[in-house]
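Overview (structure and organization)
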Amino acid sequence: MSAALERWIHLPLAEGLGWALFHSLWQGALIAVVLAAALGVFRPSSPRVRYALACLALGAFPLVFGVTLGLSMPSGSAGIEALLGEAPVTDLSAPRAWAARSFTVPLWDRLGERLPWMVPFWMAGVLVLYGRTLGGWIAAQRLRKKAVRPAPAGWQERLERLARRLRLSRPVHLVESWLVEAPAVIGVLRPVVLVPVGAVTGLAPQQLEALLAHELAHIRRLDGLVNMLQKLVEGMLFYHPAVWWVSGVVRAERENCCDDVAVSIC
C-alpha cells in the first residue's frame, strides 16, 4: 500500500494537483477580496445583483483551480504517458518554471517535493464532504414520504394560485410534515413544499401565504440546482476559508431574493 502510494505521489498528476492546491490559496483569497470590494465599494442595493456577483465569485474558484491544474500538467503525448505512469518523467520543470518566477529555485524545488503528499489528504477530505452531501440528499428525499400528510385542499389551491402568479409551470405539492420545523422545498424536478404540522392552523393566513411564496420563489429560481453545484464547490475546496465565506454570501442573498419575491406578490 505504501509503495503504491509513493509511486502515485511521484506521478505528474499528483504534482500538478499539489501545485493547484498551493496556488488556490492565494487565488481564492484574491477572488474573495474582489467580491468584498465589489460589494463594499459599489454597494449594490438589489439582492439580485449581490447574488449574481457572489455566484460569479463562487464559480471562479473551480475555474481557476482547473486552469492552474492544466498549466501544471505535462503537454503532448509524452506528457500523457508520464501522467498515466507509462513512461518515466524526464522533465518536471515546466510547472515549476511557470510558478517560480519570483522565488529561488532550491526553495521552490523543496516545496515541489512536499506538495504531492498533501494530495491524499485533500482527496480524503473531498470524499468525506461529498459523502456527507450525499447522506444529506438521501435524508432529504426520505422527508418527502416519511411522517407526512397532504395539506388541506384549500391551501393546496392557494399554493397553485401563488405558483401561477410566479409563472411557475411545474406542479408543486404541499404536504404537512412532523419532521420539519420550518417550511422547506424538497426536489428540483418534482418539488414538494413541506410545512410543519400545525402551521396551517397555527399561523395567520397572510403569514403562511408569504412563507409559501418564499418557497415557491426558490423553485422558480432553480435554487435547488444552484445549491447542488454550490455543494460541489464547497466539497472540492473545503480547506479554503474564502470559499465558505463566498458561499455564505450566496446563501444569504438567495434568501433575500426570495423575500423580495414574496413581498412583491403578497
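Structural notes, computed from the coordinates.

Calculation rules
Residues numbered from 1 in each chain as written. Predicted model: local features only at pLDDT ≥ 70, side-chain atom pairs only at ≥ 80, totals over all residues. Heavy atoms only, no water. Core = buried A, V, L, I, M, F, W, Y, C linked by side-chain atoms within 4.5 Å. Buried < 20%, exposed > 50% of the residue type's maximum accessible area, 1.4 Å probe, protein only. Helix = DSSP H or I, 4+ residues; strand = E, 2+ residues; numbered from the N terminus. Contact = heavy atoms within 4.5 Å. Pairing = 2+ DSSP bridges. Axes fitted to C-alpha atoms, helices over the stretch in contact; angles between N-to-C directions. Expected span 1.5 Å × (residues − 1). Bend = angle between axes of the 7 residues up to and from the residue. Polar contact = N/O pair within 3.5 Å; in protein donor to acceptor, adjacent residues only side chain to side chain. Parallel < 35°, antiparallel > 145°, perpendicular 65-115°, else oblique. Left-handed = near helix turned anticlockwise from the far one by under 90°.

Focus: the nonpolar core
Counting 25 residues, the largest nonpolar core has Leu 35, Leu 58, Phe 61, Phe 65, Trp 122, Val 243 and Val 246 as its most contacted members. Secondary structure elements with two or more residues in this core: helix H2 (12-42), helix H3 (47-71), helix H7 (119-143) and helix H12 (241-265). If we skip the residues at most four places from it in the chain, Phe 61 touches Gly 28, Ile 31, Val 233, Leu 237, Ala 242, Val 243 and Val 246. In this structure, Trp 155, Leu 162, Leu 166 and Val 195 belong to the second largest nonpolar core, which totals 19 residues.

Looking at the sheet that holds strand E3 (residues 184-186)
With respect to topology, 4 strands assemble into an open sheet ordered E1-E2-E4-E3, the strand pairing being mixed. Looking at the sheet topology across the chains shown, the edges are occupied by strand E1 (148-150) and E3. Ignoring which end each strand starts from, the neighbouring axes of this sheet average 35 degrees apart. Strand direction decides the pairing type here: E3 and strand E4 (residues 192-196), joined by 3 bridges, are antiparallel. Residue pairing for E4: Ala 184 is matched across the bridge by Leu 194.

Things to note about the pairing of E4
Counting buried positions over the 5 residues of E4 gives 5, a clear majority of the element. What you see with E4 is no split at all: Val 192, Leu 194 and Pro 196 on one side and Val 193 and Val 195 on the other are buried throughout. The hairpin turn running from E3 into E4, its antiparallel successor, is 5 residues long, and Gly 187 in that turn takes a positive phi close to 100 degrees.

Some thoughts on H3
Look at H3: 36 Å from first C-alpha to last across 25 residues, which is about the 36 Å you get at 1.5 Å a residue. Of all the bends in H3, the largest measures some 25 degrees and sits at Ala 60, one to four residues before the proline Pro 62. Sitting at the head of H3, Ser 46 places a side-chain oxygen 3.2 Å from the backbone nitrogen of Arg 48.

Focus on the packing of H2 against H3
The axes of two packed helices give the description: the angle between them and the distance between them. Closest axis-to-axis distance for the H2/H3 pair is 8 Å, and the angle between their directions is 160 degrees. The pairing of H2 with H3 is recorded here as roughly antiparallel in orientation. Crossing handedness for the pair H2 and H3: right-handed.

Regarding the side chain of Glu 176
Relative to the assigned elements, Glu 176 resides in strand E2 (residues 173-177). What makes Glu 176 buried here is its relative accessible area of 4%. Contacts of Glu 176, omitting those with residues within four sequence positions, involve Ala 147, Val 148, Arg 149, Pro 150, Ala 151, Pro 152, Val 195, Pro 196, Val 197, Gly 198 and Val 200.

Some details on the packing of helix H10 (residues 205-220) against H12
Following both chains from N to C, one finds H10 and H12 inclined at 125 degrees, their axes separated by 8 Å at the closest point. The angle between H10 and H12 falls in the class oblique. For the pair H10 and H12, the sense of crossing is right-handed. Residues Ala 210, Ala 213, His 214, Ala 217 and His 218 of H10 form the contact with H12, whose participating residues are Arg 254, Glu 255, Cys 258, Asp 259, Val 261, Ala 262 and Ile 265.

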